[in-house]
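One letter stands for each residue in the lines below.
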Amino acid sequence: MILDFGTARMRATTVAIADPGPLERFLPESGPGSAFIRRGDGVVALGEVARFETDRLDAADVWWDEISNQIDHDSELPGEFGTGPLALGSFIFDPDRSMERSVLTVPQVIIGRRGDLAWMTRLGDARRGTALPSPGEPTRRPGHITQMGGSLRRGEWERIVAEVVTLIRSGEVDKVVLARDLHLKADGPLDLRHIYGRLLETYPMTWAYLIDGLVGATPELLLRRQGGLVTSRVLAGTVWQDGSGAVDPLALAAELARSEKDMSEHAFAVRSVADALAPYCRAMNVPDSPSVLRLPNVMHLATDVTGVVEPGATSLALAAALHPSAAVCGTPTHLAMDIIAEVETIDRGRYAGPVGWVDMDGDGEWAIALRGGQVRPESPESIQLFAGAGIVADSTPSVEVQETAAKFVPMLQALGVAPS
Ligand SMILES: C=C(O[C@@H]1C=C(C(=O)O)C=C[C@H]1O)C(=O)O
């Protein structure tokens, strides 16, 4: 479905503003509001002037190109990365099999910050002037929350992991990322702004996203296109503290860097990103060995792949080329996707799909929607959390369950629930 402006052109105005304070405080309790923030920088988006419901990133790219050509933009900050009219989106992991829908929305008001620069963009209705919108109502912490368990019991999920390990050992496939879910129910509607605020506090180094009921804090950047440069932060290979927190973090990082299993899992992910980006890049830098990214709940092997991108490839086109990477799907891609659809038994919806924004120049940031959960309008008191782990030949099912448990921690903490 396309809702557009018809034949009328749309006006947009961008003004520099004084420090607006924490961006998330502008999120309304009800009505359209989305956010994409890291270390206090990013955007919060209010209202909606257009929405495109497609599951295809390449169709979204064409639609945004048409829509952005209908916008006359007056800006005090021309050429500044991320300023001006944007489309914010969140895309389905596997559009061929999901019952859920992707979303791409053009907000009416955007408040943004990058370093010392802060701005507001307003679309349409120039009479509203340059006054900032009022902050949203105070957030509500959830009342009592009941953990309803996952769609599969842990033992059942372990059996699926074991089956996939057998397939991998037989040489049919190299790597498959398997996910499981957890359902939680509060005694009243959840205030996603509260969950979002907690994630921003505890996981400032991640990209925290909130869009159409999907909320989370992901450490993985599918890509940033800024001017002629593209960067992708590839993560794969994970260690975590056991409950006691007794292991020295440096020893844990060293264990990860020495682990052949994690290194091979990581190599598949880096290769898939480098191969997908290569046709769009004039020059690329793919580091030979990963670094270790430390988060409060887990550590990952991380590689930042960078490239000089050919003109014309927008951030949405690049996201279309990169998704699904081996970090969230597997290798070879199509085979891994089929195996996931066959054995996983949950609908991932927008979990593990691209989430982010694109501007009128095609620049943008698209993260991978991990470490998050989905609230649906028909049951605003329920949330479904997702977490996955890369399975390779020497994976151990019980250890993969622990890895997914460690990945649920940020959302459980944000909900005020003790991890089980
Ligand atoms: C699939 C997830 O994470 C991905 C899988 C990882 C792994 O298997 O080591 C690490 C980071 C992510 O690329 C998730 O968080 O749900």
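An unreviewed UniProt entry lists the chain under the name isochorismate synthase, from Tessaracoccus lacteus. Reading the Sequence similarities (unreviewed entry) entry of the UniProt record for the chain gives the comment "Belongs to the isochorismate synthase family."

Draft legend 1. Broad picture of the overall build of the chain. Helix and strand counts for the chain stand at eight helices and 24 strands. Rg of the C-alpha trace for the chain: 21 Å, near the compact-globule value of 22 Å for 420 residues, within the 12% margin. Structurally, the chain occupies a C-alpha span of about 65 × 55 × 40 Å along its principal axes. Taken across its 420 residues, the chain has 55% of its residues classed as buried. As displayed, the chain offers around 17100 Å² of accessible surface, 51% of which is attributable to carbon and sulfur atoms. Treating the 38 positive side-chain charges of the chain as one cloud and the 56 negative ones as another, the clouds have centres 4 Å apart.

Draft legend 2. Inspection of the pairing of strand β8 (residues 103–106) at higher detail. Both faces of β8 are covered, namely the face carrying V103 and T105 and the face carrying L104 and V106. Where strand β5 (residues 50–52) and β8 come together, three bridges link them in antiparallel fashion. Residue pairing for β8: F52 is matched across the bridge by L104.

Draft legend 3. A look at helix α7 (residues 333–343). Along α7, the residues that are buried comprise A336, M337, I339, I340 and V343. The buried residues of α7 occupy an angular sector of 165° when projected down its axis, which confines them to one face. For α7, exposure combined with an orientation more than 90 degrees from the buried face picks out H334 and E342. Elements in contact with the buried residues of α7: α2 (154–169), β12 (175–186) and β20 (330–331).

Draft legend 4. Summary view of the site of the ligand. Not every one of the 18 residues close to the ligand is listed here, only the nearest: E220, T238, Y351, R371 and G388. Contacts to the ligand include G237, whose backbone N or O atom sits 2.8 Å from an oxygen atom. One nitrogen or oxygen atom from the side chain of T238 is found 2.5 Å from an oxygen atom belonging to the ligand. Protein chains bury 100% of the 390 Å² of accessible surface belonging to the ligand in isolation. Taken atom by atom, the bulk of the ligand overlaps the largest cavity. Elements with a minimum of two residues in the shell around the ligand: β16 (229–240), β24 (379–391) and α8 (397–415).

Draft legend 5. How the structure looks around the packing of aromatic side chains. For the structure shown, the criterion picks out four aromatic pairs. Between the aromatic rings of F52 and W63, the centroid separation amounts to 5.0 Å while the plane-to-plane angle is 15°, which identifies the pairing as stacked. With a gap of eleven residues between them, F52 in strand β5 and W63 in helix α1 (residues 57–69) connect regions that are remote in the sequence. Judged by its relative accessible area of 9%, F52 falls in the buried class. In this structure, R38 is placed above the aromatic ring of W207, and the distance from its NZ or CZ to the ring centre is 4.1 Å. Note that R180 overlies the ring of W157, its terminal NZ or CZ placed 5.8 Å from the centroid.

Draft legend 6. Layout of empty space enclosed by the protein. Scanning all chains against the criterion turns up four cavities of 30 Å³ or more. Estimates place the volume of the largest cavity at around 200 Å³. Forming the boundary of the largest cavity are 23 residues, of which A327, L370, R371, G388 and K407 lie nearest the centre. For the lining of the largest cavity, the secondary structure elements donating two or more residues are β12, β16, β24 and α8.

Cut-offs applied
Residues numbered from 1 in each chain as written. Predicted model: local features only at pLDDT ≥ 70, side-chain atom pairs only at ≥ 80, totals over all residues. Heavy atoms only, no water. UniProt positions renumbered as here; feature names shortened; annotations may be inferred. Helix = DSSP H or I, 4+ residues; strand = E, 2+ residues; numbered from the N terminus. Rg over C-alpha atoms; globule rule 2.2 N^0.38 Å. Buried < 20%, exposed > 50% of the residue type's maximum accessible area, 1.4 Å probe, protein only. Areas by Shrake-Rupley, 256 points an atom, 1.4 Å probe, with all protein chains shown as cover. Lys, Arg positive; Asp, Glu negative; His and termini not counted. Charge placed at Lys NZ, Arg CZ, Asp CG, Glu CD. Pairing = 2+ DSSP bridges. Arc of directions from axis to C-beta. Contact = heavy atoms within 4.5 Å. Near = heavy atom within 4 Å. Polar contact = N/O pair within 3.5 Å; in protein donor to acceptor, adjacent residues only side chain to side chain. 1 Å grid on protein atoms, 1.4 Å probe; cavity = no way out; pocket = protein on both sides within 12 Å on 5 of 7 lines; lining within 4 Å. Sits in = over half its atoms within 2 Å of the grid points. Phe/Tyr/Trp six-rings, centres within 6.5 Å; stacked < 30°, edge-to-face > 60°. Lys NZ or Arg CZ within 6 Å of the ring centre and 35° of its normal. Points joined across faces, edges and corners; volume = space filled by probe spheres on them.

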